[in-house]
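Coordinate inspection notes
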Amino acid sequence: MSTYVYGIAASSHPSLPEGMGGVGDPPREVRILREGDLAAVVSDAPEGLRPKRKDLLAHQNVLSEAGAAGCVLPMRFGSVAPDDNSITAVLAERAEHYKERLQALDNRVEYNVKANHVEEAVLHQVMAESPDIRGLAEANRQAGGGSYDDKIRLGEMVAAAVKAKEADDGAAVQRALEPAADDVSTGPESTGWLANVSFLVDRESADAFLAAVEQLRKDMPHLEVRVNGPLPPYSFVEPGPAEPAGTAVSGTDTGAG
């Protein structure tokens with residue numbers, strides 16, 4: 001039977017509550033595999049696992065319980081290995097890497113920040129900042145709307161200005177929040193957001209990070225800024241001893257958009 005992996009910890013990590021259930025219906029019992037200085041939090045993997053809410057929450061609950069007792073490197077939902085031996089083999093092979101990551105991520109959490117333009121506000125800003133756009137818009141207005149070509153040209157100018165501002169504002173979001181974080185991981189660009197950035201934050205500095213987010217909102221009111229966290233530091237752990245089975249979905253991102 002294949003083995004489902006929740007996370008990796010030090011072998012000295014306290015045991016989980018006896019009989020604790022994980023993913024599956026009925027829930028598979030969670031157990032600890034130890035190899036040298038490392039341990040993996042695992043259970044038997046149910047067949048046909050899909051990212052249903054019940055299993056997403058079960059995955060997150062196991063990580064929360066394990067993380068409350070010490071640092072755990074979280075695996076994303078759907079991480080499955082062929083068997084227990086394949087997991088312990090990778091723990092042995094990559095021991096130095098995992099021990100370094102456990103030390104680096106100890107007492108740290110992840111905050112994911114996404115930002116986008118408030119459409120009306122950014123259009124006002126683009127108009128205010130570009131004499132050429134203002135001039136053409138005014139000429140079109142005085143001409144009763146302008147010719148078809150002039151309307152197309154104005155639309156293209158506005159679209160180009162907004163696109164350039166997206167790039168500038170995405171970089172500005174990261175610059176504003178980087179000083180309040182220990183590390184940064186940028187998300188994929190094809191998310192529909194002008195910024196999709198994860199920040200590694202010391203638990204004791206979380207208030208300072210959230211204050212920096214509020215200051216960003218005040219300084220850039222033309223942005224919609226969403227924060228999701230605190231989360232296990234998924235974005236700061238390299239792929240572990242398993243490949244994602246099916247769709248790798250993180251149960252922590254619900255509602256992040």
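Remember, it's a predicted structure, so these values are computed and weren't measured experimentally.

1. Topic: the environment of V122
With respect to the helices and strands, the residue V122 is situated in helix α4 (residues 119–129). A sequence separation of 78 residues divides V122 from L200, and the C-alpha atoms of the two residues are 29 Å apart. Apart from the residues within four sequence positions on either side, V122 is in contact with H117, K165 and H222.

2. Let's talk about the packing of aromatic side chains
One pass over the structure, following the stated rule, counts four aromatic pairs. By the ring-pair criterion, three or more aromatic residues cluster together here, those being Y4, Y6 and F77. Over the aromatic face of Y98 sits the side chain of R94, whose NZ or CZ is 5.4 Å from the ring centroid.

3. Observations concerning the sheet that holds strand β9 (residues 223–231)
The strand order across the open sheet formed by four strands is β7-β8-β6-β9, and the pairing between neighbours is antiparallel. This sheet does not close on itself; its edge strands, each paired only once, are β7 (183–186) and β9. When the angles between neighbouring strand axes are averaged without regard to direction, this sheet yields 20 degrees. Bridge count between strand β6 (residues 108–117) and β9: seven bridges; the pairing is antiparallel. If you follow V113 over to β9, its bridge partner there is V227. The sheet strands contacting helix α7 (residues 206–219) are β6, β8 (195–202) and β9, and the helix crosses β9 at an angle near 170 degrees.

4. Let's talk about the pattern of salt bridges
Side chains that carry opposite charge are capable of pairing whenever their charged atoms lie near each other. Under the counting rule described, the total for this entry stands at eight salt bridges. Measuring nitrogen to oxygen at the nearest pair gives 2.9 Å for the salt bridge that ties D44 to R31. Of this pair, D44 sits in strand β3 (residues 38–44) while R31 is found in strand β2 (residues 31–35), placing the two residues 13 residues apart along the sequence. When its relative accessible area of 31% is taken as the criterion, D44 is described as partly exposed. Relative accessible area serves as the criterion here: at 27%, R31 is assigned to the partly exposed category. With a shortest N-O distance of 2.4 Å, R217 and E214 are connected by a salt bridge. Here E214 and R217 lie together in helix α7, a separation of three residues that amounts to about one turn.

5. Describing α7
Because an α-helix completes one turn every 3.6 residues, residues spaced three or four positions apart along the sequence face the same direction. Relative to the 20 Å expected for 14 residues at 1.5 Å per residue, α7 spans 20 Å between its end C-alpha atoms, a close match to the ideal helical length. Among all positions in α7, only A206, F209, A212, V213 and L216 are buried. Viewed end-on, α7 has its buried residues packed into an arc of 120 degrees, placing them on one side of the element. Set apart from the buried face of α7 by more than 90 degrees, the exposed residues are D207 and K218.

Definitions and limits used
- Residues numbered from 1 in each chain as written.
- Predicted model: local features only at pLDDT ≥ 70, side-chain atom pairs only at ≥ 80, totals over all residues.
- Heavy atoms only, no water.
- Helix = DSSP H or I, 4+ residues; strand = E, 2+ residues; numbered from the N terminus.
- Contact = heavy atoms within 4.5 Å.
- Phe/Tyr/Trp six-rings, centres within 6.5 Å; stacked < 30°, edge-to-face > 60°.
- Lys NZ or Arg CZ within 6 Å of the ring centre and 35° of its normal.
- Pairing = 2+ DSSP bridges.
- Axes fitted to C-alpha atoms, helices over the stretch in contact; angles between N-to-C directions.
- Salt bridge = Lys/Arg side-chain N within 4 Å of Asp/Glu carboxyl O.
- Buried < 20%, exposed > 50% of the residue type's maximum accessible area, 1.4 Å probe, protein only.
- Expected span 1.5 Å × (residues − 1).
- Arc of directions from axis to C-beta.

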